[in-house]
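Breakdown of the fold
Listed below are the residues making up each chain.
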Amino acid sequence: NAGTVTKSEGVDITSVTGAFNNAGSVSLSAESAVLSLAGGGTSSGDFQVASGATLAFDGGIHSLESESGVTGPGPVHFSAGTVIVDGSYSGVATTKIVGGTVAFDETADTAAMVQSGGVLTGRGTLTVAGLLTWEGGRMEGAGTTVAAGQMSIQGKTNKSLYDSRTLENHGP
């Protein structure tokens, strides 16, 4: 995609199982719309996620390069594969990590985060402004996870903090 892709209608899931390379703009503007990217790809463009829409990284290796951006009040899900975030990641309502690996290699922020599985890694700082819920999975790598609001560690699933990863709780 070197132009603009807009998902503006429907409550269905649009799945892309081949590589999706975005050098333009992807706008998820329909409430309840889901864009599932399961085949990997390299992106230097923007992903804008409206409230109620969902951007899902569901497989493959995704490289979000330094020129890329993920923004908007909608949630972003990471369920499989590997996503390397070298670009802007800001203003996302909820970041949900259920599987796979997501590496934040630059400073990033999200309003809320739920990690129930998978691996959160990278050399950057991920700041969660509201509630950070850690139900399972690993946090690792040289970066920092900041719970600027509240933090809840719950559930019977294993939770692991590896390498030199720092988990900071700034909340009440």
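Above this note sits the structure.
Structural notes, computed from the coordinates. Keep in mind that what you see is a predicted model, and the values were worked out from it rather than measured.

A word on the overall build of the protein. Helices and strands together make up the secondary structure of the protein, namely zero helices and 21 strands. For 172 residues, the compact-globule estimate of 2.2 N^0.38 gives 16 Å, and the C-alpha radius of gyration of the protein, at 15 Å, lies within 12% of that figure. Taking the principal axes of the C-alpha coordinates as reference, the protein spans close to 40 × 25 × 25 Å. Per-residue burial over the protein gives 45% buried out of 172 residues. Residue pairs in contact within the protein that sit at least 24 positions apart in sequence constitute 10% of those at least 6 positions apart. When the accessible area of the protein is evaluated, it comes to approximately 7,200 Å², of which 49% is carbon and sulfur surface.

Within a sheet, adjacent strands bond to each other through the backbone by hydrogen bonds, running parallel or antiparallel. Reading across from one edge, E1-E3-E6-E8-E10 is the order of the five strands in this open sheet, with parallel pairing throughout. Bordering the open sheet on either side are strand E1 (4-7) and strand E10 (88-90), each of which pairs with just one other strand. Averaged over neighbouring strand pairs, the angle between their axes works out to 10 degrees when direction is ignored. As paired strands, strand E6 (residues 46-49) and strand E8 (residues 69-71) are joined by three bridges and run parallel to one another. Paired with Phe47 across the bridge in E8 is Val70.

On to the nonpolar core, then. Counting 30 residues, the largest nonpolar core has Leu55, Phe78, Tyr89 and Phe104 as its most contacted members. Among the elements that take part in this core, strand E9 (residues 76-85) stands out by supplying four residues, more than any other. Residues within four places of Leu55 in sequence aside, it is in contact with Leu28, Leu35, Leu37, Phe47, Val49, Val70, Pro75, Val76 and His77.

Within this structure, the stated rule accounts for five aromatic pairs. Between Phe47 and Phe57, the ring centres sit 6.4 Å apart and the planes meet at 70 degrees, which makes this aromatic pair edge-to-face. With Phe47 in strand E6 and Phe57 in strand E7 (residues 54-64), the pair connects residues that are ten residues apart, well separated along the chain. For Phe47, a relative accessible area of 2% gives the class buried.

Here eight bridges tie E7 to E9, and the two strands are oriented parallel to one another. Bridged to His62 within E9 is Val83. Judged from the four bridges that link them, E9 and strand E12 (residues 101-104) form a sheet pairing that is parallel. Bridge pairing in E12 places Ile84 opposite Ala103.

With that settled, consider the pattern of salt bridges. The tally for this structure, following the rule as stated, stands at four salt bridges. Where Glu106 meets Arg123, a salt bridge forms, and the shortest distance between an N and an O atom there is 3.9 Å. Of this pair, Glu106 sits in the loop between E12 and strand E13 (108-115) while Arg123 sits in the loop between strand E14 (119-121) and strand E15 (125-128), placing them 17 residues apart in sequence. For Arg123, a relative accessible area of 54% puts it in the exposed group.

Let's shift gears to the environment of Lys7. Relative to the helices and strands, Lys7 is located in strand E1. For Lys7, the contacting residues outside a window of four places in its chain are Asp12, Thr14, Ser27, Leu28, Ser29, Ala30, Ala33 and Val34. A polar side-chain atom of Lys7 sits 3.2 Å from a polar atom in the side chain of Thr14.

Reading the values: the criteria
Numbering of residues begins from 1 in every chain and follows the order in which that chain's sequence is written. The predicted nature of this model means local features are confined to residues of pLDDT at least 70 and side-chain atom pairs, given and counted, to a pLDDT of 80 or more, with totals for whole chains, interfaces and linings taken over all residues. Calculation of side-chain values draws on the structure's entire complement of heavy atoms; hydrogens and water are dropped beforehand. Here a helix means four or more residues in a row that DSSP labels H or I, a strand means two or more in a row labelled E, and each is numbered from the N terminus. Here the radius of gyration uses the C-alpha set of atoms, whereas the globule reference equals 2.2 Å times the residue count to the power 0.38. Buried, partly exposed and exposed residues are distinguished by accessible area as a fraction of the type maximum, computed with a 1.4 Å probe on protein chains only: under 20%, between the cut-offs, and over 50%, respectively. It only takes one pair of heavy atoms within 4.5 Å for two residues to be counted as in contact. All accessibility values rest on the Shrake-Rupley procedure with a 1.4 Å probe; residue burial counts only the protein chains present in the view. A pair of strands counts as paired when DSSP detects no fewer than two bridges linking them. Every angle, taken between N-to-C directions, lies between 0 and 180 degrees, and every axis is a line fitted to C-alpha atoms, over only the stretch in contact when it is a helix. As used in this record, nonpolar core signifies buried Ala, Val, Leu, Ile, Met, Phe, Trp, Tyr and Cys residues forming a set joined through side-chain atoms within 4.5 Å. Only Phe, Tyr and Trp rings take part, Trp by its six-membered ring, and two of them pair if their centres are within 6.5 Å. Stacked means planes under 30 degrees apart, edge-to-face means over 60, and tilted covers everything else. Each salt bridge in this description consists of a side-chain nitrogen of Lys or Arg and a carboxyl oxygen of Asp or Glu lying within 4 Å of one another. Polar contact is the term for a pair of N or O atoms within 3.5 Å; when the atoms are in protein, one must be able to donate a hydrogen and the other to accept it, and sequence-neighboring residues count only if both atoms are side-chain atoms.

What is shown is where atoms sit, not what they do.
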